Amino acid sequence: MILYLNGIFVGLLILANIVAVKLFSIGNGIILPAAVVIYIFTFPIIDVIVEVYGKKEAQRTVKAGLIMQILALLFITITIHLPAAPIFNDQESFQTILNGSFRVIIASLTSYAISQNLDVFVFNKLKTIHGQKKLWLRNNASTMLSQLIDTTIFITIAFYGTMPMAVLVSLILTQYVFKFFASMATTPIVYLLVNLIKRQETVVSVQKEA
């Protein structure tokens, strides 16, 4: 199962980066990047990996995600700069959608590396304290803290100096409130995956012993 979790995690990261240019609105005053809808699911996956497979395995997953994001950036840059065929009329649109600014890319990679590793650290610390109990607490506590750090770092690096401080703070708070409630909503997914994986691991273990 760890291979499937790693594959889903990395796939969600790449997909989130691709759709990041799309903005959507909730009501009249809340504007969010489409990436948040996808990215919020990466934290529960990491929490499941820590819970079932341990801290070191989760750290490897985070590292793999960072490497794949860098590789994706490299290959996207290469494809953008390939000479367009005469019959390809969408080079400008292709470049607009896939070619993020250098500052936003740095913000994304920095916030990812810090927040995901923080999530692993906090979740593991709480598990050391509570053992198998209170999965809901370590899941929500680690994710909510990590999401706050992620949002603050990303928006600060990406947009500081380009807008008034009040707007910057408003962006951070708005995105975090969305992620806060989304994190609580994904708690059942964590329980479901942990239970499924542990049952499967037990079955595999019994089959090996038979």
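Look a little higher up for the structure.
Participant: Describe the packing of aromatic side chains, with residues and values.
Facilitator: Taken as a whole and judged by the stated rule, the model has seven aromatic pairs. Each ring, one from Y39 and one from F43, has its centre 5.5 Å from the other, and the planes form 80 degrees; the classification is edge-to-face. The pair Y39 / F43 is uniform in exposure class, with both members buried. Between the aromatic rings of F180 and F181, the centroid separation amounts to 5.4 Å while the plane-to-plane angle is 85 degrees, which identifies the pairing as edge-to-face. On the accessibility criterion, F180 (28% relative accessible area) is partly exposed. Among the residues examined, F181 registers a relative accessible area of 53% and is labelled exposed. Ring-pair connections join several aromatic residues into one group, and the members of that group are Y176, F180 and F181.

Participant: Got a sec to walk through unusual backbone geometry? Specific residues and values, please.
Facilitator: One non-glycine residue, K134, lies in positive phi territory at about 55 degrees. Relative to the elements of secondary structure, K134 occurs in the loop between α6 (102–130) and α7 (135–159).

Participant: Kindly report on the pairing of strand β2 (residues 30–33), identifying the contributing residues and their values.
Facilitator: In this structure, strand β1 (residues 23–26) lies alongside β2, joined through four bridges in antiparallel fashion. By the bridge assignment, S25 is partnered in β2 with I31. The hairpin formed by β1 and β2 contains three residues between the paired strands, and G27 there has a positive phi angle of roughly 70 degrees.

Rules used throughout
Residues numbered from 1 in each chain as written. Predicted model: local features only at pLDDT ≥ 70, side-chain atom pairs only at ≥ 80, totals over all residues. Heavy atoms only, no water. Phe/Tyr/Trp six-rings, centres within 6.5 Å; stacked < 30°, edge-to-face > 60°. Buried < 20%, exposed > 50% of the residue type's maximum accessible area, 1.4 Å probe, protein only. Helix = DSSP H or I, 4+ residues; strand = E, 2+ residues; numbered from the N terminus. Pairing = 2+ DSSP bridges.

Shape descriptors only; they carry no functional weight alone.
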